[in-house]
Amino acid sequence: MLMKTIRLSLMILLAMLSSGCVIDARTKDVVIGPERRLALPVTEDSDVSVRIPIGEIEVVSGNDDQLRIDLLVLCPSQDSACARRLEDLEFETREDDDGTLRIRLSRNAATSFRDAHLRASVQVPPVRKLALDVSAGELSVGPVDACVEVDMGAGDVNVRARAVRYGNVDLDAGIGDASLAVDGRRLRTRRSLLVGAEVAWHEGRGECDMLVDLQTGNISVALD
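Residues numbered from 1 in each chain as written. Predicted model: local features only at pLDDT ≥ 70, side-chain atom pairs only at ≥ 80, totals over all residues. Heavy atoms only, no water.

1. What to know about the overall build of the protein
The line we're drawing: Helix and strand definitions here come from DSSP, where helices need a minimum of 4 consecutive H or I residues and strands a minimum of 2 consecutive E residues; each element is numbered from the N-terminal end. Burial classification: accessible surface area is computed with a 1.4 Å probe over protein chains only, and a residue below 20% of its type maximum counts as buried, one above 50% as exposed, and the rest as partly exposed. Note on definitions: a residue-residue contact is assigned when non-hydrogen atoms from the two residues lie within 4.5 Å. All accessible-area figures derive from a Shrake-Rupley calculation using a 1.4 Å probe, and residue coverage is judged against the displayed protein chains alone.
From N to C terminus, the protein includes two helices and 15 strands. Out of the 224 residues belonging to the protein, those deemed buried represent 46%. Across the protein, contacts joining residues at least 24 apart in sequence account for 71% of those joining residues at least 6 apart. As displayed, the protein offers around 11,600 Å² of accessible surface, 48% of which is attributable to carbon and sulfur atoms.

2. Looking at the confidence of the model for the protein
Which entries qualify depends on this criterion: Residue-level confidence of the predictor is what pLDDT reports, using numbers from 0 through 100.
Within the protein, residue pLDDT values average 89, and 86% of them lie at 70 or more. Predicted confidence is poor over residues 1-26, with pLDDT under 50, and the contacts of this stretch with residues over four places away or in other chains come to 37 contacts.

3. Looking at the state of the cysteines
How we decide: When the sulfur atoms of two cysteines come within 2.5 Å, that pair is taken as a disulfide.
Scanning the model with the defined rule gives two disulfides in all. A disulfide bridge connects C75 with C82, and the sulfur atoms are separated by 1.9 Å. Around the S-S axis, the bridge from C75 to C82 shows a dihedral of about -65° and counts as left-handed. For the pair formed by C75 and C82, the shared burial category is buried. Here C147 pairs with C208 through a disulfide, and the sulfurs are 1.9 Å apart. What sets the handedness of the C147 and C208 disulfide is the S-S torsion sign, and at about -65° it is left-handed.

4. Structural notes on the pattern of salt bridges
Rules: In the sections that follow, a salt bridge refers to a side-chain nitrogen of Lys or Arg positioned within 4 Å of a carboxyl oxygen of Asp or Glu.
Evaluated as defined, the whole model comprises 12 salt bridges. The residue R104 makes a salt bridge to E92 at a minimum N-O spacing of 3.9 Å. Of the two residues, R104 sits in strand β7 (residues 101-105) while E92 sits in strand β6 (residues 91-95), which places them 12 residues apart along the sequence. Using a relative accessible area of 35% as the deciding quantity, one classes E92 as partly exposed. Note that D96 is salt-bridged to R94, the shortest N-O span being 2.9 Å. Of the residues examined, D96 reaches a relative accessible area of 17% and is grouped as buried.

5. Examining the pairing of β7
Stated formally: In this description, strands pair whenever DSSP reports at least two bridges between them.
Judged by which residues are buried, β7 turns out to be one-sided: L101, I103 and L105 face inward and are buried, whereas R102 and R104, on the alternate face, are not. Of the strand pairs in this sheet, strand β3 (residues 47-51) and β7 are connected by three bridges, and their pairing is parallel. Note that in β7 the partner of V48 across the bridge is L101. Between β6 and β7, which pair antiparallel in sequence order, lie five residues; one of them, G99, sits at a positive phi of approximately 95°.

6. Topic: the environment of R85
Defined as follows: Two N or O atoms form a polar contact when they lie within 3.5 Å of each other; inside protein one atom must be a possible hydrogen donor and the other a possible acceptor, and for residues adjacent in sequence the pair counts only when both atoms belong to side chains.
Tracing the chain through its elements places R85 in helix α2 (residues 81-86). Separated by 29 residues in the primary sequence, R85 and R114 place their C-alpha atoms 9.4 Å from one another. Beyond its immediate sequence surroundings of up to four residues, R85 is in contact with R107, S112, F113 and R114. A polar side-chain atom of R85 sits 3.0 Å from the main-chain carbonyl oxygen of R114.

7. A few points about unusual backbone geometry
Phi at D115 takes a positive value of approximately 70°, unusual for a residue other than glycine. By secondary structure assignment, the location of D115 is in the loop between β7 and β8 (117-124). For D115, a relative accessible area of 19% puts it in the buried group. Here the phi dihedral of D183 falls at roughly 50°; this positive angle occurs in a residue that is not glycine. Checked against the element boundaries, D183 lands in the loop between β11 (166-182) and β12 (185-186). Its relative accessible area of 60% is what places D183 among the exposed residues.

8. Brief notes about the nonpolar core
Stated precisely, the cut-off is as follows: Residue types Ala, Val, Leu, Ile, Met, Phe, Trp, Tyr and Cys, when buried and joined through side-chain atoms within 4.5 Å, form a set referred to as a nonpolar core.
Counting residues in each nonpolar core, the largest one holds 66 residues, and the members touching the most others are V59, I103, L180 and L223. With eight residues, strand β10 (residues 147-161) is the largest single contributor of residues to this core.

Given below as structure tokens:
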């Protein structure tokens, strides 16, 4: 019981540090500005990297050749410092020399979103690779036609994917829990210093490698 209490306290502390945010008891339910929308053409050979610093992020499969992101920005009020700071928030994109399409926001640091909350819906058509970079929040990834990688600071990560696509899956929660189910069979978790968890599965026949690296929080992955 003592270790469980210590672990929970560390999770809360590191979540606060990772997000760089100040806890605010006020309800963040006022939408600031119009819904931000992005649509970019991609192909099955595209490598895509998406950086959304904080918030609730849902990733689902798209039904055309456009990668689409719909984003809502919420603050405590229209006249708050949060609203003034984020009223001109917009998407930025670039293509690296290696061809990776990188998508981020015009404000990138988690500290810029103090007192704010983001809700994002990401629709991904078939691409080769999808890398998701989040500082803090809740990330949900449904089955998508892509090799998924996640790098996250604090929060919860839930991934559902098709087992046939993956050859290797490696999950690492620095402080928290990690679980992997393959065709309904739950794999054994390896503990790290009593506060973290790691799961490794290298028995698949697919071409994809999945890596989920979470500093603080819980990881749940299901391969069907």
